[in-house]
Amino acid sequence: MEATALTLSSRPAAASRSPAKGTFASLHPRRRFSAHAVHLRAAQSASLRAPSPGARRRRRRGSGLVVRAEMFGQLTTGLESAWNKLRGVDVLTKENIVEPMRDIRRALLEADVSLPVVRRFVSSISEKALGSDLIRGVRPEQQLVKIVHDELVQLMGGEVSDLVFAKSGPTVILLAGLQGVGKTTVCAKLAFYLKKLGKSCMLVAADVYRPAAIDQLTILGEQVGVPVYSERTEAKPAQITKNAVEEAKRKNIDAIVMDTAGRLQIDKSMMVELKEVKKAVNPTEVLLVVDAMTGQEAAALVTTFNIEIGITGAILTKLDGDSRGGAALSVKEVSGKPIKFVGRGERMEDLELFYPDRMAQRVLGMGDVLSFVEKAQEVMRQEDAVELQKKIMSAKFDFNDFLKQSQNVAKMGSMSRVVGMIPGMNKVTPAQIREAEKRLAFVESMINAMTAEEREKPELLAESRDRRIRVAEESGKSEHEVSQLVAQLFQMRAQMQKLMGVMTGQEALPGMGNLMESLNADEKAPPGTARRKRRHSKTRQRELDAVPSS
Ligand SMILES: Nc1nc2c(ncn2[C@@H]2O[C@H](COP(=O)(O)OP(=O)(O)OP(=O)(O)O)[C@@H](O)[C@H]2O)c(=O)[nH]1
């Protein structure tokens, strides 16, 4: 069974195009990273921005259809060059991670993540990469993908940050944000989301400066089947929202979503107004709606609003557009406030909870590699491997180890999707894995019927027919089947000792194939292997004969 290096090719097609030299530079000219000073201007201009040249090109290529830009495509491609630099290396060292770290740094900066965030991120992953233990069967570049993934998840807040509901009375959700970021649309989307949760909901039109915004909310309310509370432009927002809460209480409504006025940029009167509304209704959630296309500037806006009025989180809209990812990656780290929802389109159902882990997977575009590394970590913990090695060396591989190893094989096997990616298992078919799983259930029942002493000293079973008969009766199997299992264990001991040389080397998951073979030893041989099977059975019969009976 040869160990084959895993190819990192599971990312989506759009991201798999090799980047043309200079693509980054032409699409995204060098950015200035002057956080707060420019954020308002950028937020304003970006939300009104025409499609980028890249987006226009992609649309043209779509032969009339609008081909959506792969979200974070540039970032994914940028990071990919980091993994590629590690192809062929055996272990992560201070020297060989310099180049990949430079690529990661550049990819994040190009994605419009702020410089201090990038610095902290890169320093943390470098530290982890050098301090990480080698996981048997996992290539260094795969290990780095996993480290970057975990760090991205942390960067984006770790856990999903769900909506908080009021313990008594209606839950009040106050939305704030600059003009055109998608606030009114989010109001209706949230109402739609809340309705799906089984909550009754009411929308409140508190933008008293733009009658058109009130009309828009009324139409959207009708669309999602939710009442809209409005006093048109006749009262102050604090009064309207207060009256709306009273109305909701009277009508026993579970949740209220309030649309407030946006401005082209932050101004004092907007902040004062929001503070007044906040004081009047004591909201459960104050969420700032920001446009993902504004990148790191969105993070700066969240910080400013939080300092000024105190918010509970952010909603990131337009992630379906040409977003480069900077906003999603920076908001939590820069502002300390979580992203609670993301908007991915104009339809009512295009609002989702923000899951940092799913987002990190999208950024990396390597779901399969990540699950593989996780599984390998889980299954092949180094301590276990060392422990097993010791047992094999002292010929003490017993039924407990046998069971553990068989379970590991089945565990790895149950991920049939990644089976082809597991070095050393690339020639094992899903059908064989299913067989191995069946076989596991079969041997498990026999091992469970053994005493603790018998499991640790298989010789006891080899020497005593009475014991084998007892195990057979207790497990509902035949005596012959128990004898076969005992013979198989001794056969595996011998095989594993032979494999010791490989085990100590860098080869991936050594012996996995042999384990699979052993587990499948009694299953039907694939077509064309009759002779091998006959030879194999003869050998096995000789081994069985060697098992002493009493
Ligand atoms: N593609 C996309 N478009 C969105 C998304 N959210 C909102 N929009 C669009 O963005 C535009 C502006 O949305 P509005 O809800 O009117 O924005 P607003 O913040 O309420 O704007 P004002 O009422 O002017 O303050 C509309 O055309 C929406 O359909 C999103 O997640 N993806």
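Each chain has its residues counted from 1, running along the sequence as written. In keeping with the predicted nature of the model, local features appear solely for residues at pLDDT of at least 70, side-chain atom pairs appear and are counted solely at 80 or more, and the whole-chain, interface and lining totals rest on all residues. With hydrogens and water set aside, each side-chain value is computed from the structure's full complement of heavy atoms.

A short note on helix 12 (residues 268-281)
Residues that lie three or four places apart on an α-helix share one face, since the helix turns once every 3.6 residues.
Here is step 1: Counting from the N terminus, the helices are DSSP H or I runs at least four residues long and the strands are E runs at least two residues long. What a helix should span is 1.5 Å times the count of its residues minus one. Helix length check: helix 12, at 14 residues, gives a terminal C-alpha distance of 20 Å against a target of 20 Å (1.5 Å per residue), a fit within 8%.
Here is step 2: Think of it in three bands: residues with accessible area under 20% of the maximum for their type are buried, residues over 50% are exposed, and the middle band is partly exposed, with areas taken using a 1.4 Å probe on protein chains only. Within helix 12 the residues assigned to the buried category are M270, M271, E273, L274, V277 and V281. Looking straight down helix 12, one finds its buried side chains confined to an arc of 160°; they lie on one side. When the buried face of helix 12 is taken as reference, the exposed residues oriented beyond 90 degrees from it are K268 and K279.
Here is step 3: Where helix 12 is buried, its residues touch strand 1 (171-176), helix 11 (237-250), strand 4 (255-260) and helix 13 (296-309).
Here is step 4: The positive-phi residue at the C-terminal boundary of helix 12 is N282, with phi of around 45°. Note: the arc covers the axis-to-C-beta directions of the helix. Residues are treated as being in contact if the distance between any of their heavy atoms lies within 4.5 Å.

Section: the UniProt feature "domain: SRP54-type proteins GTP-binding" (unreviewed entry) in the protein
Here is step 1: UniProt positions are given in the numbering used here, feature names are shortened, and annotations may be inferred rather than shown by experiment. In the numbering used here, UniProt assigns the feature "domain: SRP54-type proteins GTP-binding" (unreviewed entry) to residues 338-351.
Here is step 2: Secondary structure within residues 338-351 divides into 0% helix and 43% strand; the distance between the first and last C-alpha atoms comes to 16 Å.

Quick word on the site of the ligand
Here is step 1: Whether a residue is near a molecule or strand depends on its heavy atoms: if one lies within 4 Å, it is near. The local shell around the ligand holds 17 residues, among which K183, T184, T185, R210 and D320 are the closest.
Here is step 2: With respect to the ligand, the backbone of K183 contributes an N or O atom lying 2.8 Å from an oxygen atom.
Here is step 3: Within the backbone of G345, a nitrogen or oxygen atom sits 3.3 Å from an oxygen atom of the ligand.
Here is step 4: Bound to the protein, the ligand loses 80% of the 650 Å² it would expose on its own.
Here is step 5: When residues of the shell around the ligand are assigned to their parent elements, the largest contribution, 4 residues, is made by helix 9 (residues 183-196).
Here is step 6: Grouping the amino acids of the shell around the ligand by side-chain chemistry returns 2 nonpolar, 8 polar and 7 charged. Counting of polar contacts relies on pairs of N or O atoms within 3.5 Å, with two restrictions inside protein: one atom must be capable of donating a hydrogen and the other of accepting it, and residues adjacent in sequence are counted only when both atoms are side-chain atoms. The accessible surface values rely on the Shrake-Rupley method and a 1.4 Å probe; as for residues, cover is taken only from the protein chains in view. For this classification, Asp, Glu, Lys and Arg are treated as charged, while Ala, Val, Leu, Ile, Met, Phe, Trp, Tyr, Cys and Pro are nonpolar and the rest, including Gly, are polar.

Observations regarding unusual backbone geometry
Here is step 1: Of note in this structure, R232 is not a glycine but carries a positive phi near 50°.
Here is step 2: Looking at the secondary structure, you find R232 in the loop between strand 3 (228-230) and helix 11.
Here is step 3: Phi angles above zero are rare outside glycine, and N282 is one such case at about 45°.
Here is step 4: Tracing the backbone shows N282 in the loop between helix 12 and strand 5 (285-291).

With respect to the nonpolar core
Here is step 1: The biggest cluster of nonpolar side chains holds 104 residues, and the ones touching the most others in it are I104, L152, L175, L190 and F305.
Here is step 2: For the purposes of this description, domain bounds are those given by an automatic or database domain assignment. When residues of this core are assigned to domains, at least three fall in each of domain 1 (72-156) and domain 2 (171-373).
Here is step 3: Apart from residues lying up to four places away in sequence, F305 is in contact with A176, I266, M270, M271, L274, L288, G310 and I311. Only buried residues count toward a nonpolar core. Its members are Ala, Val, Leu, Ile, Met, Phe, Trp, Tyr and Cys residues joined through side-chain atoms within 4.5 Å.

What about the state of the cysteines?
Here is step 1: Sulfur atoms of two cysteines make up a disulfide when they are within 2.5 Å. Applying the stated criterion across every chain yields a total of 0 disulfides.
Here is step 2: Of all cysteine sulfurs in the structure, the one in C201 sits closest to C187, which takes part in no disulfide; the separation is 9.1 Å.
Here is step 3: Classification of C201 as buried rests on a relative accessible area of 5%.

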